[in-house]
Structures are given as C-alpha cells and as structure tokens.
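One letter stands for each residue in the lines below.
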Amino acid sequence: MSETSSGNKSDPVSNDDLAYHDDPGASPTYIGNPELRFEAGRALVWALVIGLVWLTVHISQSLLVIFGAMVFACMVDGGARLLGKALPIARSFRVAIVLVLVTAFFIWLGYFAGSQISQQAAEFPSIINEQLGRAIATLQDKGFAINTADIERFAGSMASGVGTVTKAIGGIFGGLTTLLLIVIIGIYLAIDPRLYERGVAWMIPGKKRGAFYDTLSHQAYTLRRLMAGRLVGMAFEGFFTWVMLAFGGMLIGLEPVPMAALLGLLTGLLAFIPNIGAIISGVLMVLVGFSGGTDMGLYTIFVYFLVQNFDGYVLVPLIAKKTVDLAPALVLSAQLIFGVLFGLLGLALADPLLAMIKVALERRSARVKGEVEPAQAPEPA
C-alpha cells in the first residue's frame, strides 16, 4: 500500500475533491466575471424593488386597514395616558376603562338617541330629494339646460364607483367588517404596543434602530395630538351645530330646524374628514333648512359659516400649534388622491397618513443635519 492510499483510508476526501470544492467557479450559480457579477446583483436588487412595489399595490387595502388600526390604537393610548395623570393604575386597566367608556357611549347613543335619530334619518332622504328637485326646477326656469335623468345617472355611477373601491376593503360584509377589523387590531396594538415595536425594530439593522425609535416616538407623539385635536373639533362642531339648529333660531323668532340632532351628529362625524367633510355636512344642513322656508334656509347658512369659521380660525389653529402643520392645499390633494384610490377609508385616513410622512421626512432631515437631540425627544411610542 502506498502512502497516498493510506492517507485515503484516514481521510476519504482526496486532494482532487478539495481542489474542486475550493474552486468557486465550479458552482453553477457562481459568476466568475466580477463586472457581470456586479450587474447581476444590481438586476436582482431592481427585481426585488419592483416585486415589493407590486406586492404593496396588491395589499394596499390591507395596509390601509392596518394603518387605521394604528390610528385607533393611538386614540385609545392617548385616552389611557390622560387617565394616567389622575389614576395611578396599571396601563392595561386604563386601556380597559377607555374601551368601556367608548362602548358605553355608543350603547347610549343607540338606545337613548337612536329612536329619535332613526326617525329623522327615515325622513332625511325624502327631504333631500325634494330640495334637489326644487333646485333643479328653479335652474330650469332660469334657462339652464339640466336634465333630471342625467343627474340621476351621474349619481348612480358615482355610487357604483365608490362601491367598487370600498368593496375590496370590506369584502361582502362592507364597511362594518372593515371597521370591526380596525377596532380589533387597534385594541391589540393599544394593549401592548412595545411588543410590536420591538418586532419591527428586530427586522431593522442594528445601526438604524436608533433612527427608527426616534422617528417612531415623534410620529406617535404627533399622531396622539392630531387625533386628540380631531376629537375635540368633532365634539365641538356636533354639539354647537345641534344647539344652534335646535334652539338658536328661537332668538330671532324661527322654528327649530328639522332633524337638528341628526344634522349635529352628521356634522360631528364628518368633521373627522377635514375640508371635504365640512362641505358635505354644510350642503345637507342647507338643504334641510330650506325645507322649512327661505328664512330657515338662510339661518342654516349662517350657522354653517359660524361653526366653520370658529373651528377654522380659533379652534384648529390652537390645536395645530401642538400638532403637525400641514398646508390645506396639500391635505385636500391627498384626500382626493386617497379617496379615488381607497374610497371613504382612504379619504378619512389621508390627513394622519400625510402627517406621519411629514414627521418621518423632518426627522430624517434633522439627523442628516446633525440636529437630533435625544434628550429633548418626546416620550417613546
């Protein structure tokens, strides 16, 4: 037996085998040319980017629902933090108290105010149709060539278009299923936000996690105050509209405006959608007002402008000082784009989503300029 043979007995891998495994060119997936290997890597990166964009487009509805859940969780978290200033108890108990109070409010709204509002809501479509018919007839008398059938077809096409967009979000169960998903996911996020925050941070490179936590803390800080201001504005607009429509007209000898409670509720709810919500509630208010005569219609116009001006020039600026400053034209443009793409849900979430993007860009700019001061950063998310 030769020495080589004895070596093969102790080590079954021969020198030829070692040379084969050490040669990277032997692998069918290895590219020996460095320039070609570099270009192949670039092509792979572009393919991954395109695939990620394609995936984002296809799951955009689900991503928007998740963001809506984050907004709801932020509102619950804000309420729990507010309770924490008066009740030194565990966070889970404070979150539970906030959820119980919200549930109790909607139960009260359904049982005590639901009967009156449901009766008014049943009469609401007929009043709107009657006022629209009068407006069309008046315009036709003035010489405008307006065809009622064309308006009905346009309204039908708009309704079907909105239904097509929102159908992808809620499926066959409609918007209630989407709302239920937002609430359930939002409750889980509000109970233990640190769990999900650590999970996302774990997928980020270690050297980037400081920037992630900095941006996230500022975004949460801004979103809490943005939503708190939104709720204050909704409550004010709804309550003040109801008071002015139900009792304000008596001071000048007018009867209460029909459906004052329903109009106040709609005004408050639609105030969650800046700009566009105010226009919709104002149109409905004026249409109902003119059903009671010209004087009542003019009074509803006065109420609308009074509420909106106070909200726009007094309440909103006070709130905006503690939240993100967004240009009105930019907000309106984002609402139009998201409304077309995602329907009512996109319209409602365009404002907070735009605010989060702006905060992220501002924090990145501050890090690039070296202006980040961790000691002055807001409390963590």
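Residues numbered from 1 in each chain as written. Predicted model: local features only at pLDDT ≥ 70, side-chain atom pairs only at ≥ 80, totals over all residues. Heavy atoms only, no water.

An unreviewed UniProt entry lists the chain under the name AI-2E family transporter, with Qipengyuania polymorpha given as the organism. UniProt, in its Sequence similarities (unreviewed entry) section for the chain, records the words "Belongs to the autoinducer-2 exporter (AI-2E) (TC 2.A.86) family." Taken directly from UniProt, the Subcellular location (unreviewed entry) text for the chain runs: "Membrane". (UniProt positions renumbered as here; feature names shortened; annotations may be inferred.)

**Q** Would you mind going over the overall build of the chain with me for this structure?
**A** In terms of regular secondary structure, the chain is built from 14 helices and zero strands. Listed N to C, the secondary structure of the chain is α-α-α-α-α-α-α-α-α-α-α-α-α-α in terms of helices and strands. The buried share among the 381 residues of the chain stands at 32%. Within the chain, residue pairs in contact and separated by at least 24 positions form 69% of the contacts whose partners lie at least 6 positions apart. Of the roughly 24000 Å² that the chain leaves accessible, carbon and sulfur atoms contribute 70%. (Helix = DSSP H or I, 4+ residues; strand = E, 2+ residues; numbered from the N terminus. Buried < 20%, exposed > 50% of the residue type's maximum accessible area, 1.4 Å probe, protein only. Contact = heavy atoms within 4.5 Å. Areas by Shrake-Rupley, 256 points an atom, 1.4 Å probe, with all protein chains shown as cover.)

**Q** It is not clear to me how the packing of aromatic side chains should be interpreted in this structure. Could you clarify?
**A** Given two aromatic rings, one states the distance between the centres and the angle between the planes to describe the pair. Going through the model one piece at a time under the given rule, you end up with eight aromatic pairs. For the pair Tyr-299 and Phe-302, a centre-to-centre distance of 6.3 Å together with 35° between the ring planes defines the contact as tilted. Highlighted residues: Tyr-299 and Phe-302, both in helix 13 (residues 294–320), separated by three residues, approximately one helical turn. Judged by its relative accessible area of 7%, Tyr-299 falls in the buried class. Against the face of Tyr-221 rests Arg-225, its NZ or CZ located 3.9 Å from the ring centre. (Phe/Tyr/Trp six-rings, centres within 6.5 Å; stacked < 30°, edge-to-face > 60°. Lys NZ or Arg CZ within 6 Å of the ring centre and 35° of its normal.)

**Q** Help me understand the packing of helix 4 (residues 60–84) against helix 5 (residues 91–111), please; the structure alone is not making it clear to me.
**A** Helix-helix packing is characterised by the crossing angle of the two axes and by the distance between the axes. Where helix 4 meets helix 5, the axes come as close as 8 Å, and the angle between the chain directions of the two elements is 115°. Judged by the angle between their axes, helix 4 and helix 5 are roughly perpendicular. When you trace helix 4 past helix 5, the crossing you get is right-handed. Counted together, Phe-72, Val-76, Asp-77, Gly-79, Ala-80, Arg-81, Leu-83 and Gly-84 of helix 4 and Arg-91, Arg-94, Val-95, Ile-97, Val-98 and Leu-99 of helix 5 form the full contact between these two elements. Here the residues of the contact of helix 4 with helix 5 are counted per class, giving eight nonpolar, two polar and four charged. (Axes fitted to C-alpha atoms, helices over the stretch in contact; angles between N-to-C directions. Parallel < 35°, antiparallel > 145°, perpendicular 65-115°, else oblique. Left-handed = near helix turned anticlockwise from the far one by under 90°. Nonpolar A, V, L, I, M, F, W, Y, C, P; charged D, E, K, R; others polar.)

**Q** Just to check I follow, could you spell out the UniProt feature "transmembrane region" (unreviewed entry) in the chain for this structure?
**A** According to UniProt, the feature "transmembrane region" (unreviewed entry) maps to residues 95–114, 168–191, 231–254, 260–290, 297–316 and 336–357 in the numbering used here. Each end of residues 231–254 is marked by a C-alpha atom, and these two atoms are 31 Å apart; helix forms 67% of the span and strand 0%. Segment residues 260–290 splits into 84% helix and 0% strand. End C-alpha atoms: 13 Å apart.

**Q** Sorry, what's going on with a nonpolar patch on the surface here?
**A** A surface patch of nonpolar side chains, about 800 Å² in accessible area, is lined by Leu-52, Trp-54, Leu-55, Ile-59, Leu-63, Ile-66, Met-70, Leu-181 and Ile-185. Elements with a contribution of two residues or more to the nonpolar patch: helix 3 (34–58), helix 4 and helix 8 (175–191). (Patch = residues over 30% accessible without salt bridge, like charges linked within 9 Å, V, L, I, M, F, W, Y side chains within 5 Å. Salt bridge = Lys/Arg side-chain N within 4 Å of Asp/Glu carboxyl O.)

**Q** When you look at the environment of Gly-229 in this model, what are you seeing that I'm missing?
**A** Here Gly-229 shows up in helix 10 (residues 209–246). C-alpha separation for the pair Gly-229 and Leu-315, spaced 86 residues apart in sequence, amounts to 8.8 Å.

**Q** Any chance you could explain the environment of Ile-280 here in plain terms?
**A** Mapped onto the fold, Ile-280 is located in helix 12 (residues 276–290). In this structure the C-alpha to C-alpha distance between Ile-280 and Leu-266, which are 14 residues apart in sequence, comes to 9.3 Å.

**Q** Would you mind going over the pattern of salt bridges with me for this structure?
**A** One side chain can pair with another of opposite charge once the charged atoms of both are near each other. Counted according to the given criterion, the structure contains nine salt bridges. Note that Arg-81 and Asp-77 form a salt bridge whose closest N and O atoms lie 2.7 Å from each other. One end of the pair, Arg-81, and the other, Asp-77, are both in helix 4, four residues apart, so they sit about a helical turn from each other.

**Q** Quick question: what am I supposed to make of the packing of helix 10 against helix 11 (residues 260–270) here?
**A** Close contact between helix 10 and helix 11 brings their axes to 7 Å; oriented N to C, the two are set at 160°. By the angle between their directions, the pair helix 10 and helix 11 is classed as roughly antiparallel. The handedness of the crossing between helix 10 and helix 11 comes out as right-handed. Touching Met-234, Glu-237, Gly-238, Thr-241, Trp-242, Leu-245 and Ala-246 of helix 10 are Ala-260, Ala-261, Leu-263, Gly-264, Thr-267, Gly-268 and Leu-269, all from helix 11. Residue classes in the contact of helix 10 with helix 11 are distributed as eight nonpolar, five polar and one charged.

**Q** Looking at this model, I keep getting lost on unusual backbone geometry. Mind explaining?
**A** Leave glycine aside and you will find that most residues have negative phi; peptide bonds, for their part, are mostly trans. In this structure, Met-259 is a non-glycine residue whose phi angle is positive, near 60°. In this fold, Met-259 is placed in the loop between helix 10 and helix 11.

**Q** Looking at this structure, how should I read the side chain of Asp-77?
**A** Judged by relative accessible area, which is 6%, Asp-77 ranks as buried. The contact partners of Asp-77, leaving out residues within four places of it in the chain, are Arg-91 and Arg-224.

**Q** Whenever I open this one, the confidence of the model for the chain confuses me. Can you help?
**A** Regions with low pLDDT carry predicted coordinates that are not meant to be interpreted in detail. Averaged over every residue, the pLDDT of the chain is 76; the share at 70 or more is 73%. Of the regions scoring below 50 in pLDDT, residues 1–14 engages in three contacts with residues more than four places distant in sequence or in other chains. Note that pLDDT drops below 50 for residues 16–22; the model gives that stretch three contacts with residues more than four away or on any other chain. (pLDDT = per-residue confidence, 0-100.)

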